[in-house]
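# Report on the structure
What follows is the residue order along each chain.
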Amino acid sequence: GWWFQQALQAGQSPFQTYLLNYPEGVSLVTHNFALLNILPWLLLEPLLGGVTAYNFILLLSLALCGFAMYLLANELLHHDQSAFIAGLIYLAWPYRLSQLDHPNLLATFWVPVFFLFLIRTLRSGRWLDALFAGLALALVGYTRWQLLIPVSFMTAVYLLATLKEWSTHWRQSLPLLALTAVVAFIALLPPAVMLLNEQIDSDLSADVIYAQDERSMTTDLLAYVTPSKRHFTLKEITKPLVDRYYADRTSGRRYPTYIGLSVLILAAIGLVKRWRDTWVWLITALVLIGLAAGMAWRINGQLITAVPTLYKMLSPLQVARLMRVPERYALFLALPVSLLAAYGWHSLITSRRLSRWGLFLTLLLAVVVLYEYQSAPLQSQYTSYDKSVFEQLAQEPGDFAILNLPLRYRFSKEFMYEQTIHERPIVQGHV
């Protein structure tokens, strides 16, 4: 956000800078800008200050995630309380809350919006819904390019699973789906061309696959039923379990992928009671679990290679591997699981015996879900240390750059944060 602010004030492109990797500078075309976070940050920063504005936008992203899923679930169920539970699960999904340092993974609210308009398109046959579906899909890409990969898999599953329904009026449906695809393609074309040219022409093209992360950052199947290692009442039990699941990772990268016992029970009820409406979301969830498994199934920290994962079967195509971290597919598991749980809660709460207590029981369930998902403290970055040396550097006369020590890659992000205070070029950088 700070760099975009500097570039706009100077009237220059934000995709090239000499402030990093000084004096040569570096292209930022392949840098993972969270544009949908940056734009509101530019408006809020003068009012709140940089760090507070950044934190506020993270909270706003979470709220939008919950609201978007609420809209999708309400479209399918026409029941506010069930849709509220779906939105809460999607918002508070443990893997999402572990990604505070990845704002464009946190902000997946355009994904439910896309499915909302896709479903409306196939059901109502309105051109406007198809147009909005294309715009929402483009905004998924603008949030982060890699988000288009799991969304494409999820879309393929949905279209194939509902083929019998929408193919009966294919003369209407196919042009609408084509409009959605064309709108998304045109909207994403300018940054796509810029990115492609950078990859082709640059000697410093971005690494698109991280082999080490691909091996270690895979989801243990038992992690789906294990609460966070930071759970305030269960951590004495869960921390040793999580550490065993992911012994090949550093402690800070042992992220929770817990689905939740209450959520699993509701999902099972939804599948039993509303099978015709829910099986498509079950298939979607299984596909995402197969992708999050990476090259080999992991169970209790042990790799099982005898049975191939979906990720491995698709690996020759390379597309699934572009996520770089297979476990990130578990983030998108939130959408089908939220819908399955909403169907389950709808089946319970609309029964004659429970309907009169609907609001009270829904709020009680919300407390249970939040208790299960609790993880404290959330990982954060301490920014209240003494910055007087950087403020002094900002006042020094002359044109010079700063060499930060130690020369270690993992400190680059901290050096770049401090750069927002002293506003001088630095010799290092993280792109």
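Residues numbered from 1 in each chain as written. Predicted model: local features only at pLDDT ≥ 70, side-chain atom pairs only at ≥ 80, totals over all residues. Heavy atoms only, no water.

### Let's talk about the overall build of the chain
On a plain count of helices and strands, the chain comes out with 21 helices and 4 strands. In terms of overall size, the chain behaves like a compact globule, its C-alpha atoms giving a radius of gyration of 23 Å where 431 residues would be expected to give roughly 22 Å. Its C-alpha atoms put the chain at 75 × 55 × 50 Å along the principal axes. Residues classed as buried in the chain amount to 50% of the 431 residues present. Excluding contacts between residues fewer than 6 apart, the proportion of contacts in the chain whose partners are at least 24 apart in sequence is 72%. With 32 positive and 27 negative side-chain charges, the chain shows a separation of 14 Å between the mean positions of the two kinds. (Helix = DSSP H or I, 4+ residues; strand = E, 2+ residues; numbered from the N terminus. Rg over C-alpha atoms; globule rule 2.2 N^0.38 Å. Buried < 20%, exposed > 50% of the residue type's maximum accessible area, 1.4 Å probe, protein only. Contact = heavy atoms within 4.5 Å. Lys, Arg positive; Asp, Glu negative; His and termini not counted. Charge placed at Lys NZ, Arg CZ, Asp CG, Glu CD.)

### Observations concerning unusual backbone geometry
A cis amide bond, omega 10 degrees, links tyrosine 22 with the succeeding residue proline 23. Mapped onto the secondary structure, proline 23 falls in the loop between strand 1 (16-17) and strand 2 (26-27). Following alanine 376, the chain continues into proline 377 via a peptide bond in cis, with omega recorded as 0 degrees. Within the secondary structure, proline 377 is located in the loop between helix 19 (358-373) and helix 20 (388-395).

### Overview of the packing of helix 3 (residues 50-77) against helix 4 (residues 80-92)
At a minimum axis distance of 7 Å, the contact between helix 3 and helix 4 shows a crossing angle of 145 degrees. Crossing angle aside, the handedness with which helix 3 passes helix 4 is right-handed. Across the interface between the two elements, Leu62, Ala63, Cys65, Gly66, Met69, Tyr70, Ala73, Asn74 and Leu77 of helix 3 pack against Asp80, Ser82, Ala83, Phe84, Ala86, Gly87, Tyr90 and Leu91 of helix 4. Among the residues making up the contact of helix 3 with helix 4, the classes are represented as 12 nonpolar, 4 polar and 1 charged. (Axes fitted to C-alpha atoms, helices over the stretch in contact; angles between N-to-C directions. Left-handed = near helix turned anticlockwise from the far one by under 90°. Nonpolar A, V, L, I, M, F, W, Y, C, P; charged D, E, K, R; others polar.)

### Topic: the nonpolar core
Membership of the largest hydrophobic core comes to 89 residues, with the highest contact counts inside it found for Leu72, Trp93, Phe115, Trp281, Tyr329, Leu333 and Leu335. Among the elements that take part in this core, helix 18 (residues 334-349) stands out by supplying 10 residues, more than any other. (Core = buried A, V, L, I, M, F, W, Y, C linked by side-chain atoms within 4.5 Å.)

### Thoughts on the side chain of serine 262
Along the polypeptide, serine 262 turns up in helix 14 (residues 261-273). For serine 262, a relative accessible area of 12% translates into the label buried. Separated by 2.5 Å, the side chains of serine 262 and glutamate 372 make a polar contact. Beyond its immediate sequence surroundings of up to four residues, serine 262 is in contact with Val368, Val369 and Glu372. (Polar contact = N/O pair within 3.5 Å; in protein donor to acceptor, adjacent residues only side chain to side chain.)

### Here's the deal with the pattern of salt bridges
Within this structure, the stated rule accounts for 9 salt bridges. Note that lysine 239 and aspartate 243 form a salt bridge whose closest N and O atoms lie 2.9 Å from each other. In this pair, lysine 239 and aspartate 243 are both assigned in helix 13 (residues 235-245), 4 residues apart and thus about one turn of the helix distant. Residue class for lysine 239 comes out partly exposed when judged on its relative accessible area of 38%. (Salt bridge = Lys/Arg side-chain N within 4 Å of Asp/Glu carboxyl O.)

### Considerations on the side chain of histidine 102
Here histidine 102 shows up in the loop between helix 5 (94-97) and helix 6 (103-106). Assessed through its relative accessible area of 16%, histidine 102 is described here as buried. Within the structure, histidine 102 has its side chain in polar contact with the side chain of glutamine 99 (distance 2.7 Å).

### Considerations on the packing of aromatic side chains
Per the counting criterion, the structure on display carries 17 aromatic pairs. Between the aromatic rings of phenylalanine 67 and tyrosine 70, the centroid separation amounts to 6.4 Å while the plane-to-plane angle is 15 degrees, which identifies the pairing as stacked. Placement of the pair is phenylalanine 67 and tyrosine 70 together in helix 3, with a separation of 3 residues, close to one helical turn. Note on phenylalanine 67: relative accessible area 47%, which makes it partly exposed. The exposure class of tyrosine 70 is partly exposed, given its relative accessible area of 22%. For the pair tyrosine 95 and tyrosine 255, a centre-to-centre distance of 5.8 Å together with 85 degrees between the ring planes defines the contact as edge-to-face. A residue pair is termed long-range when its members are at least 10 positions apart, and tyrosine 95 in helix 5 and tyrosine 255 in the loop between helix 13 and helix 14 qualify at 160 residues. Across the pair, tyrosine 255 and tyrosine 95 agree in class, each one buried. Members of the aromatic cluster, connected to one another through ring pairs, are Phe114, Phe115, Tyr158 and Trp281. It is lysine 387 that lies over the ring of tyrosine 385; its NZ or CZ is 5.0 Å from the centre. (Phe/Tyr/Trp six-rings, centres within 6.5 Å; stacked < 30°, edge-to-face > 60°. Lys NZ or Arg CZ within 6 Å of the ring centre and 35° of its normal.)

### Looking at the packing of helix 15 (residues 275-292) against helix 18
The contact between helix 15 and helix 18 brings their axes to 8 Å, and the two run at 150 degrees. Regarding the angle of helix 15 to helix 18, the classification is roughly antiparallel. As for the relative orientation of helix 15 and helix 18, their crossing is left-handed in sense. Contacts from Asp277, Thr278, Trp281, Leu282, Thr284, Ala285 and Leu288 of helix 15 reach helix 18 at Leu335, Pro336, Leu339, Leu340 and Tyr343. Counted by class, the contact of helix 15 with helix 18 contains 9 nonpolar, 2 polar and 1 charged residues. (Parallel < 35°, antiparallel > 145°, perpendicular 65-115°, else oblique.)

### Overview of the environment of threonine 238
Its location among the elements puts threonine 238 in helix 13. Here the side chain of threonine 238 touches serine 228 through a polar contact of 2.8 Å, landing on its backbone oxygen.

### Notes on a nonpolar patch on the surface
A surface patch of nonpolar side chains, amounting to about 450 Å² of accessible area, comprises Leu47, Leu48, Phe56, Leu60 and Leu64. For the nonpolar patch, the secondary-structure elements that each account for two or more residues are helix 2 (35-48) and helix 3. Relative to the helices and strands, leucine 60 resides in helix 3. (Patch = residues over 30% accessible without salt bridge, like charges linked within 9 Å, V, L, I, M, F, W, Y side chains within 5 Å. Areas by Shrake-Rupley, 256 points an atom, 1.4 Å probe, with all protein chains shown as cover.)

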